Amino acid sequence: MNQQARVDAAPIPFIDVAAQRRRLGTAIDDAIARVLGHCQFIMGPEVRALEAELAAFCGARQAISCASGTDALLLPLMAKGIGPGDAVICPSFTFHATAEVVTLLGATPVFADVEATSFNLDPESLVRAVATARQAGLAPKAVIPVDLFGQPADFNRIKAVGSAENLFVLDDAAQAFGASWQNRRVGTLAEVTATSFFPAKPLGCYGDGGAIFTDDDALAQTMRSIRVHGEGRDKYDCVRIGLNGRLDTIQAAVLIEKLKIFPAEIVARERIARRYSEALADVATVPKLARGATSVWAQYTIRVTDRRRDRLAAALKAQGIPTAIYYSKPVHLQDPYRHFPLAEGGLPVTERLAEEVISLPMHAYLDEPTQDRIIAAVREALEA
Ligand SMILES: Cc1ncc(COP(=O)(O)O)c(C=O)c1O
């Protein structure tokens with residue numbers, strides 16, 4: 001193999017965390033060293049500083065950091081007193097943590113379908129899911145729309161159903177912090193928003209982490225208490241059942257540095273997604289943004305029909321190009337979730353998407369020659 005062929009065949013990372021690490025340079029090392037210097041590893045000054053910066057970034061009154069995106073979903077449901085006999089409507093075309101938190105509280109997830117173009121919760125299926133919940137003798141209490149792959153759900157229509165049905169709307173924005181909807185940033189689109197700082201997320205830390213956003217000061221206070229074992233006046237005064245859901249100070253220090261380059265990374269992600277779409281629209285169904293929506297492109301996901309997906313994945317793999325299928329098995333078809341109710345009419349769009357979607361490498365440091373190699377390989381495989 002000549003030198004050029006070897007370069008061409010070099011494996012491409014799906015998400016290049018190491019390239020970002022290089023860009024950040026010693027800023028991260030210095031930030032971690034500061035924490036090692038002051039030794040306030042739990043709820044140190046960086047935690048408060050990060051919360052203020054996250055709130056300012058998205059425009060929410062309150063940002064509450066926590067240990068993971070899963071805790072960021074769990075805490076608000078606990079604060080709202082969701083429990084046995086309650087139904088929480090969620091999509092099935094999501095990572096299963098969305099429904100997991102509902103079951104952890106003894107409540108019942110009722111699965112609704114998604115829209116094929118946005119991959120996000122279908123407001124009409126949401127209405128049917130509420131009816132299903134009532135027929136099953138459950139009290140519909142909340143809905144968790146997911147901003148899948150980085151694009152916000154249709155909050156105008158979902159909130160309209162939410163107010164008509166008196167549902168608490170909890171935005172699962174684990175994949176979408178930094179995106180916006182009609183000029184408002186994710187974090188302000190629902191009563192409460194949950195996000196994840198898992199390393200592969202658009203804004204990720206170097207371990208587990210998450211955050212909750214709300215404009216409701218009283219609810220924020222309750223969630224801050226739940227985050228620290230239900231603490232009251234101080235940590236030895238317990239006023240409710242809580243958990244240990246704190247974000248580590250070291251992770252907060254990492255996130256403060258990463259937040260500084262996040263706006264530039266969002267612009268890069270948008271540029272890369274646009275390039276993919278322009279180059280692939282004639283050979284696959286490329287993702288479309290709803291009017292007024294921006295995405296942070298946690299995933300760049302195309303759809304291919306007629307069972308060509310496996311062939312595409314294999315052809316790319318042979319050239320060192322990884323792909324991923326989010327999600328090949330929707331939550332309602334996973335064994336622990338099979339017995340939960342589905343919106344009337346079932347979830348035909350979810351089940352079809354599970355057979356058609358495939359995600360391509362996507363991160364802010366994907367350079368044009370590498371992206372061109374991916375594009376050429378996709379085109380070659382789909383045109384064959
Ligand atoms: C849609 C969605 N919800 C929730 C989570 C859970 O986040 P975490 O892994 O930080 O607990 C994830 C993360 O993978 C996710 O993608």
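Description of the structure in this document. Only a predicted model underlies this, so the values are computations on that prediction, with no experimental measurement involved.

### Some details on the layout of surface pockets
The calculated volume of the largest pocket comes to roughly 500 Å³. F95, A174, Q175, S196 and K201 are, among the 27 residues lining the largest pocket, the residues nearest its centre. If you list the elements that add at least two residues to the lining of the largest pocket, you get helix 5 (69-79) and helix 6 (97-104). For the lining of the largest pocket, the per-class residue count stands at 14 nonpolar, nine polar and four charged. Volume-wise, the second largest pocket comes out at about 300 Å³. For the second largest pocket, the lining is made up of 15 residues, of which R224, S225, V228, E231 and G232 are closest to its centre. Here the element with the most residues in the lining of the second largest pocket is helix 9 (residues 217-227); it accounts for five residues. Of the residues assigned to the lining of the second largest pocket, the class counts are four nonpolar, four polar and seven charged.

### Some words on the packing of aromatic side chains
Where two aromatic rings form a pair, the distance of their centres and the angle of their planes describe that pair. Overall, the coordinates contain 14 aromatic pairs when judged by the stated rule. For the ring pair F57 and F262, a centre distance of 5.7 Å and an interplane angle of 35 degrees mean the geometry is tilted. Within this pair, whereas F57 is found in helix 4 (residues 45-58), its partner F262 is found in helix 10 (residues 249-280), the two being separated by 205 residues in sequence. F262 sits in the buried class, given a relative accessible area of 0%. Taking the centre distance of 6.3 Å and the plane angle of 35 degrees together, the rings of F93 and F119 count as tilted. Here the residue F93 occupies a position in the loop between strand 2 (86-91) and helix 6, and F119 occupies one in the loop between strand 3 (108-112) and helix 7 (123-135), the gap between them amounting to 26 residues. With respect to class, F93 is no different from F119; both count as buried.

### A closer look at the site of the ligand
Within the structure, the ligand sits among 15 residues, and G69, T70, D172, S196 and K201 are positioned closest to it. At 2.8 Å from an oxygen atom of the ligand is found a main-chain nitrogen or oxygen belonging to G69. Here an oxygen atom of the ligand sits 2.9 Å away from a polar atom, N or O, in the side chain of K201. Surface burial for the ligand is 91%, taken as the share of its 390 Å² of free accessible area covered by protein chains. Structurally, the ligand is housed in the largest pocket. Of all the secondary-structure elements, those providing two or more residues to the shell around the ligand are helix 5 and helix 6. The dominant element in the shell around the ligand, judged by the number of residues it contributes, is helix 5, at three residues.

### Some points on the pattern of salt bridges
Taken as a whole and judged by the stated rule, the model has 21 salt bridges. Salt-bridge contacts for E51 lead to R224; the nearest nitrogen and oxygen are separated by 3.0 Å. With E51 in helix 4 and R224 in helix 9, this pair connects stretches of sequence that are 173 residues apart. The same class applies to E51 and to R224, which are both buried. For R379, the salt bridge goes to E383, with nearest N and O atoms at 2.7 Å. Linking R379 with E383, this pair stays in helix 13 (residues 368-383), spanning four residues, or about one helical turn.

What counts, and at which threshold
- Residues numbered from 1 in each chain as written.
- Predicted model: local features only at pLDDT ≥ 70, side-chain atom pairs only at ≥ 80, totals over all residues.
- Heavy atoms only, no water.
- 1 Å grid on protein atoms, 1.4 Å probe; cavity = no way out; pocket = protein on both sides within 12 Å on 5 of 7 lines; lining within 4 Å.
- Points joined across faces, edges and corners; volume = space filled by probe spheres on them.
- Helix = DSSP H or I, 4+ residues; strand = E, 2+ residues; numbered from the N terminus.
- Nonpolar A, V, L, I, M, F, W, Y, C, P; charged D, E, K, R; others polar.
- Phe/Tyr/Trp six-rings, centres within 6.5 Å; stacked < 30°, edge-to-face > 60°.
- Buried < 20%, exposed > 50% of the residue type's maximum accessible area, 1.4 Å probe, protein only.
- Near = heavy atom within 4 Å.
- Polar contact = N/O pair within 3.5 Å; in protein donor to acceptor, adjacent residues only side chain to side chain.
- Areas by Shrake-Rupley, 256 points an atom, 1.4 Å probe, with all protein chains shown as cover.
- Sits in = over half its atoms within 2 Å of the grid points.
- Salt bridge = Lys/Arg side-chain N within 4 Å of Asp/Glu carboxyl O.

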